[in-house]
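Structure at a glance
Residues per chain are reported as follows:
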Amino acid sequence: MLAALQVGHGTIEEAFRVQEVPTPAPGPGEVLVRVRFTTLNRKDVFALRGLTGPGIRPRPPLPHVNGGEFMGEIAALGSGVRGWSPGDRVTGFGALYCGECEYCQMGEQTACLHYGLLGEQVWGAHAEYVVVEGKTLERVPDGVDGALVACAGSGYNTAWRMLVTAARVQPGETVLILGASGGVGTAGIQIGKLAGCRVIAVVGGAWKVARALEIGADHAVDHTREDFLEAARRITGGRGVDVVLDPIGADTWRRSINALRMFGRMAICGATSGDAPDISIREVYQSHRQILGAPKGNRTDFTNVLRCICDGRLAPVIHARLPLMEMQRGLHMLQDRDFFGKVVLTV
Ligand SMILES: [Zn+2]
């Protein structure tokens, strides 16, 4: 099969090569999927430096195939897999979990004591075929664009977890979305609007302001021209926002916290600018503010967001659809922040 193989670290050209590799075979409980659509994510840029998240098992030695999101058709079933047939249109949860530990029993698979990610601890979907556990599959109805479905597992699932499950946004609330041009951010704009909120999107650059407004944001702030904390105060008449979605970390935390009203909630999923912010804890407790960790949604969150995509309530924003052969070009878009929404690879 053809695969986008990570063979090293350094530049995109040094690290990645699209080439033939042996097609894997599904083991017991596993399924071989013919991938039709997969996506690029921020973590593919982090992989250039060999980075993985804290608390997550280390990545295996190179060469490696990245990619946690996919849509495709079942090509072969391993032993013991029930309820699926070759040719079924599927997507997957994109994580490894035991199904038996305390947290899996609670339905919180992303807190599993044996947690891992497709494309990090095992070979992922940046290839013509991927092996996944049968228990992670979800069915994709006929007629639904597979490229949209392939966006469900990472950014959309995470944004859903942050806003709906963790922050419990309510209709009429004001939500401030940082990093609003990225995978989590564009999903956050759309999910915030679906939940009946007023959405303020923070992006870098005039063309991204226009795009954020096009996809439904009520206000869009260009952080290269105006401080987002000042903008949030201006737009809310000094009251502050109800909820902040912050995937950025050190550079933005203190301003995000101060953009909240009394009792405001900040949902966090990542730390792309660093994980050691300069903050005053007094600015948190004295204003009854809450900080909510939400790194990725569980199976219920995933099922909910997938249903919204399949019935058309959410239409993921796709910046580019590139053939697998051009994955290096897609990674440059992410690295240069020259994109808005998702970069999808067609396989
Ligand atoms: Zn578990």
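Scoring rules and cut-offs
- Residues numbered from 1 in each chain as written.
- Predicted model: local features only at pLDDT ≥ 70, side-chain atom pairs only at ≥ 80, totals over all residues.
- Heavy atoms only, no water.
- Helix = DSSP H or I, 4+ residues; strand = E, 2+ residues; numbered from the N terminus.
- Rg over C-alpha atoms; globule rule 2.2 N^0.38 Å.
- Buried < 20%, exposed > 50% of the residue type's maximum accessible area, 1.4 Å probe, protein only.
- Contact = heavy atoms within 4.5 Å.
- Areas by Shrake-Rupley, 256 points an atom, 1.4 Å probe, with all protein chains shown as cover.
- Donors = N, O, S within 2.8 Å, 3.2 Å for Na, K, Ca; no water.
- Tetrahedral: all angles 85-135°; square planar, octahedral: opposite > 155°, others 65-115°.
- Axes fitted to C-alpha atoms, helices over the stretch in contact; angles between N-to-C directions.
- Parallel < 35°, antiparallel > 145°, perpendicular 65-115°, else oblique.
- Pairing = 2+ DSSP bridges.
- Domains from an automatic or database assignment.
- Buried area = accessible area lost by both parts, 1.4 Å probe.
- Salt bridge = Lys/Arg side-chain N within 4 Å of Asp/Glu carboxyl O.
- Polar contact = N/O pair within 3.5 Å; in protein donor to acceptor, adjacent residues only side chain to side chain.
- Nonpolar A, V, L, I, M, F, W, Y, C, P; charged D, E, K, R; others polar.

Regarding the overall build of the protein chain
Counting its secondary structure elements, the protein chain contains 12 helices and 18 strands. Computed over its C-alpha atoms, the radius of gyration of the protein chain comes to 20 Å, within 12% of the 20 Å expected for a compact globule of 347 residues. With the C-alpha coordinates aligned to their principal axes, the bounding extent of the protein chain is approximately 60 × 45 × 40 Å. Taking all 347 residues of the protein chain together, 55% fall into the buried category. Taking the contacts inside the protein chain whose residues are at least 6 apart along the sequence as the reference set, 70% of them involve residues at least 24 apart. Carbon and sulfur atoms make up 51% of the accessible area of the protein chain, which totals about 14200 Å².

Section: the coordination of the zinc ion
The coordination sphere of the zinc ion, as far as protein atoms go, consists of C98 (SG), C101 (SG), C104 (SG) and C112 (SG), spread over 2.3 to 2.4 Å. The coordination sphere of the zinc ion comprises 4 donor atoms, whose angles at the metal cover 103 to 115 degrees; the geometry is tetrahedral. Here the donor residues of the zinc ion are spaced in sequence according to C-x2-C-x2-C-x7-C. With a relative accessible area of 9%, C101 lands in the buried category. Given the relative accessible area of 9%, C104 is considered buried.

Quick word on the packing of helix α5 (residues 152-166) against helix α11 (residues 299-310)
Contact geometry of α5 with α11 gives a least axis separation of 9 Å together with a crossing angle of 110 degrees. Taken together, the axes of α5 and α11 lie roughly perpendicular to each other. Only D301, F302, N304, V305, L306, C308 and I309 of α11 make contact with α5, whose side of the interface consists of A152, G153, Y156, N157, W160, R161 and T165.

Regarding the sheet that holds strand β12 (residues 198-203)
Read from one edge of the open sheet, 6 strands run β13-β12-β11-β14-β15-β16, paired in parallel fashion. Only two strands of the sheet have a single partner each, and these edge strands are β13 (219-222) and β16 (290-293). Averaged over all neighbouring strand pairs, the angle between strand axes comes to 20 degrees, with direction disregarded. Pairing geometry for strand β11 (residues 174-177) and β12, over 4 bridges, is parallel. Its bridge partner lying in β12, V175 is registered against V199. Packed onto the sheet, α5 meets β11, β14 (241-246), β15 (260-268) and β16 and runs at close to 155 degrees relative to β14.

Digging into unusual backbone geometry
Across the junction of L62 and P63, the peptide omega takes the value 5 degrees, indicating a cis bond. Looking at where P63 falls in the secondary structure, it is placed in the loop between α2 (42-46) and β4 (64-65). Phi angles above zero are rare outside glycine, and H288 is one such case at about 55 degrees. Of note, H288 is situated in the loop between α10 (282-285) and β16. By relative accessible area, H288 is classed as partly exposed at 43%.

Description of the sheet that holds strand β1 (residues 2-6)
Think of a sheet as strands paired side by side through backbone hydrogen bonds, with each pair either parallel or antiparallel. Pairing in this open sheet of 3 strands is antiparallel, and the strands run β2-β1-β4 from one edge to the other. Of all strands in the sheet, those with a lone pairing partner are β2 (16-20) and β4, marking the two edges. Where β1 meets β2, 5 bridges bridge the pair, whose relative direction is antiparallel. Bridge pairing in β2 places A3 opposite Q19. Against the sheet, helix α12 (residues 327-335) makes contact with β1 and β2, and its axis sits at roughly 155 degrees relative to β2, the strand it touches most.

With respect to the domain arrangement of the protein chain
By domain assignment, the protein chain separates into domain 1 (2-151 + 316-346) and domain 2 (159-293). Computed from C-alpha coordinates alone, the two centres of domain 1 and domain 2 are separated by 28 Å. The junction of domain 1 with domain 2 conceals about 980 Å² of combined surface from both sides, 63% of it contributed by carbon and sulfur atoms. The largest share of the area that domain 1 buries against domain 2 comes from V317, F339 and F340, three residues that together contribute 53% of it. The interface formed by domain 1 and domain 2 includes 1 salt bridge. The salt bridge involving E108 is made with R161; its shortest N-O contact spans 3.1 Å. Counting across the domain 1 and domain 2 interface gives 3 residue pairs in polar contact (both at pLDDT 80 or more). Classifying every residue of the side of domain 1 that touches domain 2 gives 5 nonpolar, 2 polar and 5 charged.

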